[in-house]
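# Coordinate analysis (summary)
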Amino acid sequence: MKSYHIYTSGEKPQLVDLEIPTPSEGEIRLRITACGLNFADLLMIKGKYQDTPQAPFTLGMEVAGIVDALGPGVTEPAIGTRVALFSGQGGLAEYGCFPADRAIPLPDNMTEVDAAGFQIAYGTSHLALDYKARLQPGETLLVLGAAGGVGLTAVEIGKVMGAKVIACARGSEKLEIAKDYGADHVIDATSEDIRDVVKSLGGADVVYDPVGGEQFTAAFRATNPDGRLLAIGFASGDVPPIPANHMLVKNLTVIGMYWGGYLKFNAKALTDSMAQLFAWYSEGKIKPHVSETFPLDQVAEGLEMLKSRRSTGKVVITI
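Just so it is clear, the structure is predicted and the values come from calculations on it, not from any experiment. (Residues numbered from 1 in each chain as written. Predicted model: local features only at pLDDT ≥ 70, side-chain atom pairs only at ≥ 80, totals over all residues. Heavy atoms only, no water.)

## Describing the sheet that holds strand 11 (residues 185-188)
Hydrogen bonds between backbone atoms are what pair the strands of a sheet, whose relative direction is either parallel or antiparallel. With parallel pairing, the six strands of this open sheet are ordered in space as 11-10-9-12-13-14. Bordering the open sheet on either side are strand 11 and strand 14 (253-256), each of which pairs with just one other strand. Strand-to-strand twist of the sheet, defined as the mean angle between neighbouring strand axes without regard to direction, takes the value 15°. Those strands touched by helix 4 (residues 151-160) are strand 9 (140-143), strand 10 (164-169) and strand 12 (204-209), and its axis lies near 170° from that of strand 9. The strands touched by helix 5 (residues 172-180) within the sheet are strand 10 and strand 11, with strand 11 carrying the most contacts at an inclination of about 160°. (Pairing = 2+ DSSP bridges. Helix = DSSP H or I, 4+ residues; strand = E, 2+ residues; numbered from the N terminus. Axes fitted to C-alpha atoms, helices over the stretch in contact; angles between N-to-C directions. Contact = heavy atoms within 4.5 Å.)

## Considering the sheet that holds strand 2 (residues 14-17)
Strand order in the open sheet formed by three strands is 2-1-4, and the pairing between neighbours is antiparallel. What marks the edges here is a single partner per strand, and that holds for strand 2 and strand 4 (57-58). Sheet topology places strand 1 (residues 2-6) next to strand 4; two bridges connect them, and they run antiparallel. Within strand 4, the residue paired with His5 across the bridge is Thr58.

## Here we look at unusual backbone geometry
For the bond from Ala55 to Pro56, the omega torsion is 5°, close enough to zero to count as cis. Within the secondary structure layout, Pro56 lies in the loop between helix 1 (39-46) and strand 4. At the junction of Glu76 and Pro77, the peptide bond is cis and its omega measures out at 0° in the coordinates. Position of Pro77 among the secondary structure elements: in the loop between strand 5 (62-70) and strand 6 (82-86). The backbone phi angle of Arg134 is positive, close to 55°, even though this residue is not glycine. Tracing the chain through its elements places Arg134 in the loop between helix 3 (119-132) and strand 9.

## Some words on the packing of aromatic side chains
Inspection of the entire model under this criterion finds eight aromatic pairs. Aromatic side chains Phe118 and Tyr122 sit 4.6 Å apart centroid to centroid with 25° between the ring planes, which places their arrangement in the stacked category. For the pair Phe118 and Tyr122, a shared accessibility class is recorded, and that class is buried. Linked through ring pairs, Phe118, Tyr122, Phe278 and Tyr281 together constitute an aromatic cluster. (Phe/Tyr/Trp six-rings, centres within 6.5 Å; stacked < 30°, edge-to-face > 60°. Buried < 20%, exposed > 50% of the residue type's maximum accessible area, 1.4 Å probe, protein only.)

## Describing the packing of helix 3 against helix 10 (residues 267-282)
The contact between helix 3 and helix 10 brings their axes to 10 Å, and the two run at 105°. Relative to helix 10, helix 3 is oriented roughly perpendicular. For the pair helix 3 and helix 10, the contacting residues are Gln119, Tyr122, Gly123, His126 and Leu127 in the first and Ala269, Leu270, Ser273, Met274, Gln276, Leu277 and Trp280 in the second. Classifying every residue of the contact of helix 3 with helix 10 gives seven nonpolar, five polar and no charged. (Parallel < 35°, antiparallel > 145°, perpendicular 65-115°, else oblique. Nonpolar A, V, L, I, M, F, W, Y, C, P; charged D, E, K, R; others polar.)

## What to know about the environment of Gly138
With respect to the helices, strands and loops of the structure, Gly138 is situated in the loop between helix 3 and strand 9. The sequence separation of Gly138 and Leu37 amounts to 101 residues, and the corresponding C-alpha distance is 33 Å.

## Quick look at the pairing of strand 11
Here strand 10 runs beside strand 11; their pairing, made up of four bridges, is parallel. Residue pairing in the sheet places Cys168 in a bridge with Ile187 of strand 11. You can see the chain leave strand 10, run along helix 5 and come back into strand 11, and the turn it takes is right-handed. (Right-handed = clockwise from strand over helix to strand, strands pointing away.)

## A few points about the nonpolar core
Counting 80 residues, the largest nonpolar core has Leu92, Phe118, Leu129, Leu141, Tyr208 and Leu230 as the members making the most contacts within it. With seven residues, helix 10 is the single largest residue contributor to this core. The contacts of Phe118, once residues within four sequence positions are left out, are Glu62, Met110, Gly123, Met274, Leu277, Phe278, Tyr281, Ile286 and Pro288. One finds Leu142, Leu144, Cys168 and Ala219 within the second-largest nonpolar core, a separate group that totals 19 residues. (Core = buried A, V, L, I, M, F, W, Y, C linked by side-chain atoms within 4.5 Å.)

## Observations regarding the side chain of Asn38
Locating Asn38 in the fold gives a position in the loop between strand 3 (27-36) and helix 1. Engagement of the side chain of Asn38 in a polar contact is seen with the side chain of Lys314, the distance being 2.9 Å. Excluding anything up to four places from it in sequence, Asn38 contacts Met61, Glu62, Ile120, Leu306 and Lys314. (Polar contact = N/O pair within 3.5 Å; in protein donor to acceptor, adjacent residues only side chain to side chain.)

## Here we look at the pattern of salt bridges
Evaluation of the coordinates by the stated rule reveals twelve salt bridges. Salt-bridge contacts for Glu62 lead to Lys314; the nearest nitrogen and oxygen are separated by 2.8 Å. Of this pair, Glu62 sits in strand 5 while Lys314 sits in strand 16 (residues 314-318), and the two are 252 residues apart along the sequence. Ionic pairing is found between Asp184 and Lys159, a salt bridge with its closest N-O pair at 3.1 Å. With a gap of 25 residues between them, Asp184 in the loop between helix 5 and strand 11 and Lys159 in helix 4 connect regions that are remote in the sequence. Owing to a relative accessible area of 31%, Lys159 belongs among the partly exposed residues under this scheme. (Salt bridge = Lys/Arg side-chain N within 4 Å of Asp/Glu carboxyl O.)

What follows is the structure, given as structure tokens:
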């Protein structure tokens with residue numbers, strides 16, 4: 001089978017031929033049809049992601065496909081079932097073996113491309129806004145990086161939860177996409193002052209930040225007393241300092257949010273969140289935005305789109 005594989009940490013991945021794996025106890029084998037790309041894949045290539053597997057390994061964190069074999073002790077999902085799962089690795093290949101208890105059967109109206117770009121982005125935003133920040137109807141939500149893979153889902157979920165959403169992104173094209181997904185107000189990060197615009201709109205009660213750097217600092221200064229700031233990631237490459245004295249004076253809360261970490265200590269939170277998200281999808285309340293698809297032999301081009309921040313929504317590899 002073809003696999004986008006890393007032999008040595010820090011070295012460039014290669015598309016190689018590997019043996020088709022056999023599922024072990026508690027596993028299913030998936031004939032993979034789609035795999036979503038994530039910023040974490042870029043960090044794994046450099047060996048800088050917090051959960052980078054020990055080399056050698058195959059990249060690809062979230063997959064969708066068709067169950068084609070069951071390991072010992074596994075009775076479901078049945079062979080032939082279309083499922084999605086968070087793999088952490090191994091998704092950029094034609095086949096993969098994964099824990100059966102992570103597999104989620106797809107709604108009949110969900111495509112495998114949508115499913116492959118669904119779990120991490122929507123799961124992160126929903127868990128962050130609902131479980132962590134307790135976003136309330138009528139509150140103002142500021143989303144940084146609002147046209148990116150996770151940012152756009154935060155705009156969409158914020159609207160479903162009844163918030164007023166301010167979307168911040170770079171350039172008119174990305175801002176138009178944020179508007180299409182429900183943003184009430186938009187800020188062009190290339191030409192407008194984030195703090196001034198947000199303050200003029202009444203300030204932010206919740207900030208969703210996958211960008212970091214100067215944008216976090218500006219958003220921090222525009223957050224209302226008793227506000228919550230969600231640190232989702234640092235796409236800018238700059239981890240911002242957090243002034244604890246200002247947190248104290250304004251009664252602010254900065255909340256770290258790493259979706260994959262919940263698999264280790266509270267998997268039920270992820271399961272409950274995904275059930276709600278799949279229900280919203282089936283009801284037509286949310287619709288993934290996949291801006292680009294590439295075949296398996298063009299993974300490098302897809303990753304470059306993420307690295308250069310030229311993509312909007314999700315980039316998915318079809319297999």
